[in-house]
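Analysis of the macromolecular model
Each chain, letter by letter, is given below.
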Amino acid sequence: MRSEVFYIIVGMALVTFFTRFGTLALFRFTGVPTWLNRWLKYVPVAILTSLIVPTLLLPKGYLDISLNNHYLIAGIVAAIVAYKSRNIIATMGLGMIIMLVLKLW
Amino acid sequence: MQLSNLLSRKYGLAEEACVALRECTPVVFGIIPFGITCGIMGLTAKMSGIETILMSVFVFAGAAQFIGITMLGAGIQAWGIVIFTTLLVNLRHLIMGSSLAPYMTKLPFPLQALLAFLLTDEAYALTISRIHKARYSVHYQLTVGTVLYLAWVLSTAAGVALGSYISDPLTWGLDFAMPATFLVLLIPRLVDRISLSVFGMAAVVSVLAALYLPGKWYIIIACLTASLVGGLLEGDKENA
């Protein structure tokens, strides 16, 4: 193993751990303040949305709202299935089948 | 009495672990193609198999690793740039960490550190959904984190082993498993006006930011603005 690669890996590991542990360590003794708690209440919705929507609308890095965008079509179907069934296997299974069919088509 | 307490605690532990295993199975299928891709990318970037696998063992951050490997492959040996980019890409975890902090502050320090090491987008999403549906469970979070970690390390190793046989598993559409998982976690949360406003705001901001800003900044910016708007609307509701 090359030593410069080793140092880079260790550095990446340290900063990644810092981002995951930083706020936890900060609020360890004080608890999380009320105003922050109110703000944080909507973090899950905000994070999930910002992880999903760009993946579906910009799968290749540019905005693609067309029938050629398989991610968008499969995403809309998956959203409907998720709404109706609340079932993760059904949603993922159907979404991936649609991805595969569109690809082979 | 003590025995029954102990038994019920044990039972609770086993139950939470079972629920965790069941709920993270589809996510594991979403992670495997990324891990395999990571292993293959490492080799194509002229890293050794051991270096590639160790990066997954120590760093455990998909997006940051893809970017780091790409930079190493492009001959960028300036460690400062690679590490700083990793920091930027992972800044979103600061938000997730503080979102879980209220539940984790009473845990022993080493356990907090371990859970923090295992905190990924997927582990966060599953844990926060479990809190939403039932309550916070350290066993749930630990099981999810450990399973996803093992899946990531083993699939990276599989990618290194498969090496030249598969060119790019992400072109098979397997990467759709990830947004599909997140959709199932998101949609049950969109039940009131504020949540829908936050959703709309995050959607618009993330797309605009993804178009015009580099890297993963779109996640951080969309998350901060949309959740702040949600918090302000929530404050209005409480004061009204």
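Residues numbered from 1 in each chain as written. Chains lettered and ligands numbered in written order. Predicted model: local features only at pLDDT ≥ 70, side-chain atom pairs only at ≥ 80, totals over all residues. Heavy atoms only, no water.

1. Here we look at helix α2 (residues 49-58) of chain B
Quick reminder: α-helices carry 3.6 residues per turn. Residues three or four places apart thus point the same way. Residue and element names in this part refer to chain B. If you check which residues of α2 are buried, you get E51, T52, M55 and S56. An end-on view of α2 places all buried positions within 135° of arc, on one side of the element. Taken from the residues just after α2, F60 is the one with a positive phi, measuring 55°. (Buried < 20%, exposed > 50% of the residue type's maximum accessible area, 1.4 Å probe, protein only. Helix = DSSP H or I, 4+ residues; strand = E, 2+ residues; numbered from the N terminus. Arc of directions from axis to C-beta.)

2. Concerning the packing of aromatic side chains
Two numbers describe a pair of aromatic rings. These are the distance of the centres and the angle of the planes. Following the criterion strictly, the structure yields nine aromatic pairs over all chains and no others. Between W35 of chain A and W39 of chain A, the ring centres sit 6.4 Å apart and the planes meet at 40°, which makes this aromatic pair tilted. In this pair, W35 of chain A and W39 of chain A are both assigned in helix α2 (residues 34-40), four residues apart and thus about one turn of the helix distant. Owing to a relative accessible area of 57%, W35 of chain A belongs among the exposed residues under this scheme. Residue class for W39 of chain A comes out partly exposed when judged on its relative accessible area of 23%. Relative to Y149 of chain B, the ring of F60 of chain B has its centre 5.0 Å away and its plane inclined at 80°; by these criteria the two rings are edge-to-face. In this pair, F60 of chain B is assigned in the loop between α2 and α3 (62-73) and Y149 of chain B in helix α8 (residues 138-162), connecting sequence segments 89 residues apart. Note on accessibility: F60 of chain B and Y149 of chain B belong to one class, buried. One aromatic cluster is present, built from ring pairs that chain together F17 and F21 of chain A together with F109 of chain B. (Phe/Tyr/Trp six-rings, centres within 6.5 Å; stacked < 30°, edge-to-face > 60°.)

3. Things to note about the side chain of D64 of chain A
Residue and element names in this part refer to chain A. Examined against the element boundaries, D64 turns out to sit in the loop between α3 (43-57) and α4 (70-85). The buried charged residue D64 lacks any salt bridge, with K60 as its nearest oppositely charged partner at 5.3 Å. One polar contact links D64 to S66, side chain to side chain, over a distance of 2.8 Å. Contacts of D64, omitting those with residues within four sequence positions, involve L57, N69 and L72. (Lys, Arg positive; Asp, Glu negative; His and termini not counted. Salt bridge = Lys/Arg side-chain N within 4 Å of Asp/Glu carboxyl O. Polar contact = N/O pair within 3.5 Å; in protein donor to acceptor, adjacent residues only side chain to side chain. Contact = heavy atoms within 4.5 Å.)

4. Regarding the interface of chain A and chain B
Contacts between chain A and chain B engage 64 residues on the former and 90 residues on the latter. When the two sides are added together, the surface that chain A and chain B hide from each other amounts to roughly 6900 Å², 77% of it contributed by carbon and sulfur. Ranking the residues of chain A by area buried against chain B places M12, R20 and Y42 of chain A at the top, with a combined share of 12%. Summed over the shared surface of chain A and chain B, the result is two salt bridges. When residues of the side of chain A that touches chain B are traced back to their parent elements, those giving at least two are α1 (3-26), α2, α3, α4 and α5 (88-104) of chain A. Broken down by class, the residue content of the side of chain A that touches chain B amounts to 43 nonpolar, 13 polar and eight charged. (Buried area = accessible area lost by both parts, 1.4 Å probe. Nonpolar A, V, L, I, M, F, W, Y, C, P; charged D, E, K, R; others polar.)

5. Some details on the state of the cysteines
All names here are of chain B. Going through the model one piece at a time under the given rule, you end up with zero disulfides over all chains. Sulfur of C24: no disulfide; nearest cysteine sulfur belongs to C18 and is 11 Å away. The exposure class of C24 is buried, given its relative accessible area of 0%. (Disulfide = S-S within 2.5 Å.)

6. Focus on the confidence of the model for chain B
One rule of thumb: low pLDDT means the predicted coordinates there are not for detailed reading. Residues with a pLDDT of 70 or more make up 90% of chain B, whose mean pLDDT is 86. Here the predicted complex carries an ipTM of 0.82, next to a pTM of 0.75. (pLDDT = per-residue confidence, 0-100.)

7. Considerations on the packing of α3 of chain A against helix α10 (residues 193-212) of chain B
Orientation of α3 of chain A relative to α10 of chain B, taken along the N-to-C sense of each, is 45°, at an axis distance of 8 Å. Between α3 of chain A and α10 of chain B, the angle falls in the class oblique. Here the hand of the crossing between α3 of chain A and α10 of chain B comes out right-handed. Residues V45, A46, T49, S50, V53, P54 and L57 of chain A of α3 of chain A form the contact with α10 of chain B, whose own contacting residues are S195, V198, F199, A202, A203, S206, V207 and A210 of chain B. Here the contact of α3 of chain A with α10 of chain B is composed, by residue class, of eleven nonpolar, four polar and no charged. (Axes fitted to C-alpha atoms, helices over the stretch in contact; angles between N-to-C directions. Parallel < 35°, antiparallel > 145°, perpendicular 65-115°, else oblique. Left-handed = near helix turned anticlockwise from the far one by under 90°.)

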